[in-house]
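If you want the building blocks of each chain, they are given just below.
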Amino acid sequence: MKGAVSMKIVIGGQMGKEEIKDLIVTTLGAECEVAIRDDVAAAMDVKSGNADLYLGACMTGGGGALAMAIAILGYGACMTVSDADENAIRDALKSGKKAFGFTPSMSRTVVPVIVRLAKDAVKN
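**Considerations on the sheet that holds strand S2 (residues 32-36)**
Alright, step 1. Across the sheet, which stays open at both edges, the five strands sit in the order S2-S1-S3-S5-S4 with parallel pairing between neighbours. Looking at which strands have only one partner, the edges of the open sheet turn out to be S2 and strand S4 (78-80). Direction aside, the axes of adjacent strands within the sheet are offset by 20° on average.
Alright, step 2. Contacts from helix H2 (residues 39-48) reach strand S1 (7-13) and strand S3 (53-57) within the one sheet, and its direction differs from that of S1 by about 150°.

So this is what it looks like as structure tokens:
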């Protein structure tokens, strides 16, 4: 179905939530549903299958961005992203990573790559 929502993405973390949302919508448009949630609710949405992907930002990219996701989803489902390395992100998605943390300064470069690759992974 053209225009159908293919992904549900939740935004947790501590910083830059609106910017992250804008980047997701700019990258995927109507192909996704995006919700800004508190960290616990966002991680629970992924755990329950109500969301496909968790994104969050904090000053380190791994502390406040992913702490609750790690606690709820497990360390193996989470990744701190330090650059927009498509191969590393693709491999992380293939290995089952569903929560990605990064610094606010990295949002503009990593968010489009993560969501585009995640959308491709959901299709396949």
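**Brief notes about a nonpolar patch on the surface**
Alright, step 1. A surface patch of nonpolar side chains, about 230 Å² in accessible area, is lined by Val40, Met44 and Met68.
Alright, step 2. Looking at the secondary structure, you find Met68 in helix H3 (residues 67-73).

**Concerning the environment of Val46**
Alright, step 1. With respect to the helices and strands, the residue Val46 is situated in helix H2.
Alright, step 2. For Val46, a relative accessible area of 7% translates into the label buried.
Alright, step 3. When the C-alpha atoms of Val46 and Ile114 are compared, they prove to be 16 Å apart, with 68 residues separating the residues in sequence.
Alright, step 4. Excluding residues that lie within four positions of it along the chain, Val46 makes contacts with Val10, Ala51, Leu53, Tyr54, Leu73 and Lys98.

Definitions and limits used
Residues numbered from 1 in each chain as written. Predicted model: local features only at pLDDT ≥ 70, side-chain atom pairs only at ≥ 80, totals over all residues. Heavy atoms only, no water. Pairing = 2+ DSSP bridges. Helix = DSSP H or I, 4+ residues; strand = E, 2+ residues; numbered from the N terminus. Axes fitted to C-alpha atoms, helices over the stretch in contact; angles between N-to-C directions. Contact = heavy atoms within 4.5 Å. Patch = residues over 30% accessible without salt bridge, like charges linked within 9 Å, V, L, I, M, F, W, Y side chains within 5 Å. Areas by Shrake-Rupley, 256 points an atom, 1.4 Å probe, with all protein chains shown as cover. Salt bridge = Lys/Arg side-chain N within 4 Å of Asp/Glu carboxyl O. Buried < 20%, exposed > 50% of the residue type's maximum accessible area, 1.4 Å probe, protein only.

The values reported here are purely geometric and, on their own, carry no functional implication.
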